[in-house]
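# Report on the structure
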Amino acid sequence: MAGVFCVFCCETFLLELTAATRSEGWDDVIVVSYPVRCGRPPVTWSELESLLPDHCSGVATFGRTCLKGLGEPPKHWPQTFVLPQRDCFHLVADINLVSEAITRGAYLMTPGWLQNWPQRLKIMGFSHDQAKEFFNECARELLLLDTDTHPEARIWLQELASVVHLPADPMRVGLDHARLNLFRLVSKWRLEGERKANHRKISDLVQEKADLIGSLDFLGRLALLQEEAEAITAMDEMFRMLFAPQILHVAHKVNGVLKGGNDLPQPLMHAMANLTEEWSWTPSGTGFILRLGPATGKEYLLVVDDLAFPNFRERYLGLALNLANICGLVLQNSQTLRQIRKTEATLLEVNQELKEFAYVASHDLQEPLRTINTYATFLLEDMGEQNLNDVVKEDLRFITEAVGRMKTLIQALLNFSRSGRLEVKNHPVALQGCLEAVLDNLRASLEERGAQVCLSNLPTVRGDATALISVFQNLLGNALKFCRPEVTPEIRVDTECSGEAWMIHVSDNGIGMEEKYLEQIFQPFKRLHGKKEYPGTGLGLSIVKKIVEQHGGSIRVSSIPGQGSIFTLTLPAWSEPSPTTSPEGDESGFHPTSPGHPDPLS
């Protein structure tokens, strides 16, 4: 048992203090009694020490005349409280109650005193007749302070009363007073223990802080290092500065096989090879071995042995464990970075080849399509439409329509390929001018459907005007395409400032879409409807997403089926004031009604 608090009292109060301790559930408090002598002779430290249990971290003793002359405890004792009472019975009953009872001539006793009252009289040197004479001279009544600690206490009281021929009354006082006295004392002991423990912790933390501060420069260097060899060199320097060992080595395991460290002592090599936990002491006991970082892939091990001050090995180990994960991450990152660089180079090469292939393939496919379309027209002219039966006419119509769809798809692929090679210009772009250009391009479709378009005060953003026109022409074109036949299309473009960026919301009252499709629609060739219902290539929103992200922004969509959709774009704000776009164009050099604007891509 560790951290035990020992409470000394005379036998008179043993029942009360033991019961109070149990009722509080204190398994770290022990009550020990010494014989009732009422100071004849007083208790001594040597007598108490003979009763002192092992592992005591605190001691308290209650009493009155029995503590007279006790003085200070020996220096080798644990924390000790000496608690003299004005009256012994104040331990179990209120001061006023005890004083009033003594004033009216009551002789006070507890169940513990009465438990063996005949023996008590013998210890006092009284026969029954002498006891009768003594009690009648010094008291008018017997009063039991009944603490409910023994069921026969009142019987014992009546037995004693019949011997000394005095009236006897019990007064129920319970255990509350004893519990309160113990609670105050135990709380004080625990608080003092916590204070000392915290003081030790603070001292340890101060030392650890000093060690950590000494390693901060090295950790800062480690964070900047990307090569494994440089990181190991920096760690070697740091651990030598902190621990001053005779042996310091960083090794590693690959698939459980130890690599390096062949010049180390064989027992040390064996211990490193068989390390299964996060750390272990070295065979010499004057150092430690620990794992640097997670035990996955290439596992790094650090051995620090033959410390200059091995008696501080516990603190050294604690500091090393704090640094181990950081060092391990640096080493793991060096491996990961090397693999990332290799993968990035491969991806760049593959992506470039794919872009070139898409561009060349889509460009070269246009020539055979033109040939097919031309010869289908020649065939119709040579044969004469009036000489062809309905089946042939239908076949020629299918050919012509297929060529048209293929041409549209190839053009979309070209646009998609070009969007991947877009170099965004860092110009101020007035979105008001962009949207006016888009509305001009879509004027026929807007009038055909009787659409209503509402634009809020649009800001100036940073980017490429032509590319942003393509973005909004896609979004507004889709709003017109995916409208509900029985409802007049309504399109709103609203904005709000978000730090150094603008959020642009393009909302419509169209057919909407289910939540499970909201991410898919930005993927190439992902279509939610058949080509006969809603024509298109499925590349428009993919191009929109690419352009927005190349501007350093983002795009997302929310939608309710049958009610409409809201596309939200985030675009970087222009940090300097720019003039409002005029009919002659803005500073980015584009004219809002110039004929070079792209067609809708959806």
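Residues numbered from 1 in each chain as written. Predicted model: local features only at pLDDT ≥ 70, side-chain atom pairs only at ≥ 80, totals over all residues. Heavy atoms only, no water.

## So, the overall build of the protein chain
Helix and strand content of the protein chain: 16 helices and 19 strands. Burial status across the protein chain gives 41% buried among its 602 residues. In the protein chain, the share of contacts with a sequence separation of at least 24, taken over all contacts with a separation of at least 6, comes to 68%. Here the protein chain displays about 33000 Å² of accessible surface, and carbon together with sulfur accounts for 53% of that area. (Helix = DSSP H or I, 4+ residues; strand = E, 2+ residues; numbered from the N terminus. Buried < 20%, exposed > 50% of the residue type's maximum accessible area, 1.4 Å probe, protein only. Contact = heavy atoms within 4.5 Å. Areas by Shrake-Rupley, 256 points an atom, 1.4 Å probe, with all protein chains shown as cover.)

## Some thoughts on the side chain of Thr 21
Tracing the backbone through its elements, the reader meets Thr 21 in helix H1 (residues 14–24). A distance of 2.8 Å separates the side chain of Thr 21 from the backbone oxygen of Leu 17, its partner in a polar contact. Filtering out sequence-adjacent residues up to four positions away, Thr 21 remains in contact with Trp 26, Val 29, Val 31 and Leu 182. (Polar contact = N/O pair within 3.5 Å; in protein donor to acceptor, adjacent residues only side chain to side chain.)

## A short note on the sheet that holds strand E9 (residues 257–259)
The sheet built from 5 strands is open, its strands ordered E9-E8-E12-E11-E10 with antiparallel pairing. Here the strands that pair on one side only, and so sit at the sheet edges, are E9 and strand E10 (279–281). Geometrically, the sheet is characterised by an average inter-axis angle of 25 degrees between neighbouring strands, direction not taken into account. Packed onto the sheet, helix H9 (residues 228–243) meets strand E8 (245–254), strand E11 (288–292) and strand E12 (298–307) and runs at close to 145 degrees relative to E8. (Pairing = 2+ DSSP bridges. Axes fitted to C-alpha atoms, helices over the stretch in contact; angles between N-to-C directions.)

## Topic: the sheet that holds strand E1 (residues 4–10)
Strand order across the open sheet formed by 4 strands is E2-E1-E3-E4, with parallel pairing between neighbours. What marks the edges here is a single partner per strand, and that holds for strand E2 (29–34) and strand E4 (79–84). Direction aside, neighbouring strands of the sheet carry axes that sit 20 degrees apart on average. Across 6 bridges, the pairing between E1 and E2 is parallel. Note that in E2 the partner of Cys 9 across the bridge is Ser 33. Its contacts with the sheet put H1 on E1, E2 and strand E3 (56–63), and the angle it makes with E2 is roughly 175 degrees.

## Some points on the environment of Ala 430
In this fold, Ala 430 is placed in strand E13 (residues 427–430). The sequence separation of Ala 430 and Ala 465 amounts to 35 residues, and the corresponding C-alpha distance is 8.2 Å.

## Considering the pattern of salt bridges
Evaluation of the coordinates by the stated rule reveals 14 salt bridges. Across the salt bridge formed by Glu 141 and Arg 104, the nearest N and O atoms sit 2.7 Å from each other. Of the two residues, Glu 141 is situated in strand E6 (residues 141–146) and Arg 104 in the loop between helix H3 (95–103) and strand E5 (106–109); the sequence distance between them amounts to 37 residues. Accessibility expressed as a relative area gives 12% for Glu 141, which makes it buried. The exposure class assigned to Arg 104 is partly exposed, which follows from its relative accessible area of 28%. (Salt bridge = Lys/Arg side-chain N within 4 Å of Asp/Glu carboxyl O.)

## Some thoughts on the confidence of the model for the protein chain
Averaged over every residue, the pLDDT of the protein chain is 79; residues scoring 70 or more account for 80%. Contacts from residues 577–602, a stretch scored under 50 in pLDDT, to residues over four places away or in other chains number 53 contacts. (pLDDT = per-residue confidence, 0-100.)

## Some details on the pairing of strand E17 (residues 501–508)
A large share of E17 lies buried, amounting to 7 of its 8 residues. Direction of pairing for strand E16 (residues 490–498) relative to E17: antiparallel, over a ladder of 8 bridges. Counterpart to Val 493 in the pairing with E17 is Val 506. Adjacent in sequence and paired antiparallel, E16 and E17 are bridged by 2 residues, among which Gly 499 carries a positive phi angle near 70 degrees. The pairing of E17 with strand E19 (residues 564–572) spans 7 bridges and is antiparallel.

## Description of the nonpolar core
Formed by 44 residues in total, the largest nonpolar core has its most connected members in Phe 5, Leu 17, Tyr 34, Leu 48, Leu 108 and Leu 145. For this core, the leading source of residues is E1, giving 7 residues. The contacts of Leu 17, once residues within four sequence positions are left out, are Val 7, Cys 9, Val 31, Phe 62, Leu 91, Ala 178 and Leu 182. By size, the runner-up hydrophobic cluster in this structure holds 39 residues, among which are Ala 467, Leu 480, Ile 543 and Leu 571. (Core = buried A, V, L, I, M, F, W, Y, C linked by side-chain atoms within 4.5 Å.)

## Comments concerning the packing of helix H13 (residues 431–441) against helix H15 (residues 465–481)
Running from N to C, H13 and H15 cross one another at 55 degrees; their axes reach a closest spacing of 9 Å. Considering their axes alone, H13 and H15 lie oblique with respect to each other. Considering the relative orientation of H13 and H15, their crossing is right-handed. In this structure, H13 uses Leu 431, Cys 434, Leu 435, Ala 437, Val 438, Leu 439 and Asn 441 to contact H15, whose residues at the interface are Ala 465, Leu 468, Ile 469, Phe 472, Gln 473 and Leu 476. Of the residues contributing to the contact of H13 with H15, the split by class is 11 nonpolar, 2 polar and no charged. (Parallel < 35°, antiparallel > 145°, perpendicular 65-115°, else oblique. Left-handed = near helix turned anticlockwise from the far one by under 90°. Nonpolar A, V, L, I, M, F, W, Y, C, P; charged D, E, K, R; others polar.)

## Considerations on the state of the cysteines
Two cysteines joined by a covalent bond between their sulfur atoms form a disulfide. Under the counting rule described, the total for this entry stands at 0 disulfides. Counting only cysteine sulfurs, Cys 6 is the nearest neighbor of Cys 56, a cysteine outside any disulfide, at a range of 4.5 Å. (Disulfide = S-S within 2.5 Å.)

## Notes on the packing of H15 against helix H16 (residues 540–550)
Two elements in contact, H15 and H16, have axes separated by 9 Å at closest approach and are oriented at 145 degrees. As H15 runs across H16, the sense of the crossing is left-handed. In this structure, H15 contributes Ala 467, Ser 470, Val 471, Asn 474, Leu 475 and Asn 478 to the contact, and H16 contributes Gly 540, Leu 541, Val 544, Ile 547 and Val 548. Across the contact of H15 with H16, the residue classes tally to 7 nonpolar, 4 polar and no charged.

## A closer look at the packing of aromatic side chains
For the structure shown, the criterion picks out 14 aromatic pairs. Where Tyr 107 meets Phe 135, the ring centres are 4.8 Å apart and the plane angle is 70 degrees; that geometry is what we call edge-to-face. Separated by 28 residues along the polypeptide, Tyr 107 in strand E5 and Phe 135 in helix H6 (residues 128–138) bring together distant segments of the chain. Grouped by ring-pair contacts, the aromatic residues Phe 239, Phe 243, Phe 288, Phe 309, Phe 312 and Tyr 316 constitute a single cluster. We note Arg 313 situated over the ring of Trp 281; from NZ or CZ to the ring centre the distance is 3.7 Å. Stacked on the ring of Phe 312, the Lys or Arg Arg 315 has its end atom at 5.4 Å from the ring centre. (Phe/Tyr/Trp six-rings, centres within 6.5 Å; stacked < 30°, edge-to-face > 60°. Lys NZ or Arg CZ within 6 Å of the ring centre and 35° of its normal.)

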